[in-house]
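Each chain, written out:
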Amino acid sequence: MKLCFLRHGEADWPNWNKPDDERPLTERGRKEMKRVTKFLQRLKFSADAILTSPLPRASQTAEIVAKRLGIELKTEPALAHGFNVERLRRLFAKVDADCIMVVGHEPEFSAVIEKLTGGIVKISKGGIALVDANRGCTSGKLLWLFSPKFAKAAVR
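Please read these numbers as outputs of a predicted model, since none were measured by experiment.

Draft legend 1. Highlighting the side chain of His8. Relative to the helices and strands, His8 is located in the loop between strand 1 (2–7) and helix 1 (27–42). Look at His8 and you get buried, because its relative accessible area is 5%. At 3.4 Å, the side chain of His8 and the side chain of Arg57 are in polar contact. Once residues lying within four places of it in the same chain are set aside, the contact partners of His8 are Arg57, Ala58, Thr61, Gly104, His105, Lys125 and Gly126.

Draft legend 2. Quick peek at the packing of aromatic side chains. On inspection of all chains with the given rule, the structure shows 7 aromatic pairs. For the pair Phe83 and Phe109, a centre-to-centre distance of 5.7 Å together with 70° between the ring planes defines the contact as edge-to-face. Here Phe109 lies in helix 4 (residues 108–117) and Phe83 lies in the loop between strand 3 (73–75) and helix 3 (85–93), a separation of 26 residues in the sequence. Like Phe109, Phe83 is buried. A centroid spacing of 4.8 Å and a plane angle of 20° characterise the contact between Phe146 and Phe150, whose relative ring orientation is stacked.

Draft legend 3. Layout of helix 2 (residues 56–69). For helix 2, with 14 residues, the first-to-last C-alpha span of 20 Å sits near the 20 Å given by 1.5 Å per residue. Helix 2 sits mainly inside the fold: 10 of its 14 residues count as buried. Within helix 2, the full set of buried residues consists of Arg57, Ala58, Ser59, Gln60, Thr61, Ala62, Ile64, Val65, Ala66 and Leu69. Buried residues in helix 2 make contact with strand 1, helix 1, strand 2 (49–52), strand 3 and strand 4 (99–104).

Draft legend 4. Just the pairing of strand 4, in detail. In terms of burial, strand 4 is largely enclosed, as 6 of its 6 residues are buried. Every second residue of strand 4 is oriented toward a common face, with Cys99, Met101 and Val103 on one face and Ile100, Val102 and Gly104 on the other, all of them buried. One ladder, built from 6 bridges, connects strand 1 with strand 4; its direction is parallel. If you follow Arg7 over to strand 4, its bridge partner there is Gly104. Two elements, strand 2 and strand 4, share 4 bridges in a ladder whose sense is parallel. When the sheet's bridge partners are listed, Thr52 is paired in strand 4 with Val103.

Conventions used here
- Residues numbered from 1 in each chain as written.
- Predicted model: local features only at pLDDT ≥ 70, side-chain atom pairs only at ≥ 80, totals over all residues.
- Heavy atoms only, no water.
- Helix = DSSP H or I, 4+ residues; strand = E, 2+ residues; numbered from the N terminus.
- Buried < 20%, exposed > 50% of the residue type's maximum accessible area, 1.4 Å probe, protein only.
- Polar contact = N/O pair within 3.5 Å; in protein donor to acceptor, adjacent residues only side chain to side chain.
- Contact = heavy atoms within 4.5 Å.
- Phe/Tyr/Trp six-rings, centres within 6.5 Å; stacked < 30°, edge-to-face > 60°.
- Expected span 1.5 Å × (residues − 1).
- Pairing = 2+ DSSP bridges.

Here it is in structure tokens:
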């Protein structure tokens, strides 16, 4: 099973005075995610479904990607704060798919990838990683990891 981890785009707002969980994408973050999606299209990437954290910055990221790639989108509360390998296992125990994209947050995504693969990674905002994992999500292999800067250079 392929697991695609997409970290939400830029959501840094100067002088933000509301709860952190309410931060939306910035305009730059939206543009960045459109470029990342173009890059995925160039790779001929497809997934059976996209599962997203309910936090605005993640769900807005997922909406951009789902719309442009024509992939079904579902909100999954387990992808919010506290996401870990156990939550991943519970999610995928009820999913019959060859490839799923999950959209969420750091440092959780990097920690889950490390648990699966043994590799230490850090996914930047708008970054994306593809892991080939066994069905039980007990082990996996990192196939690729791209930053949004790489995607930007690749789609010029």
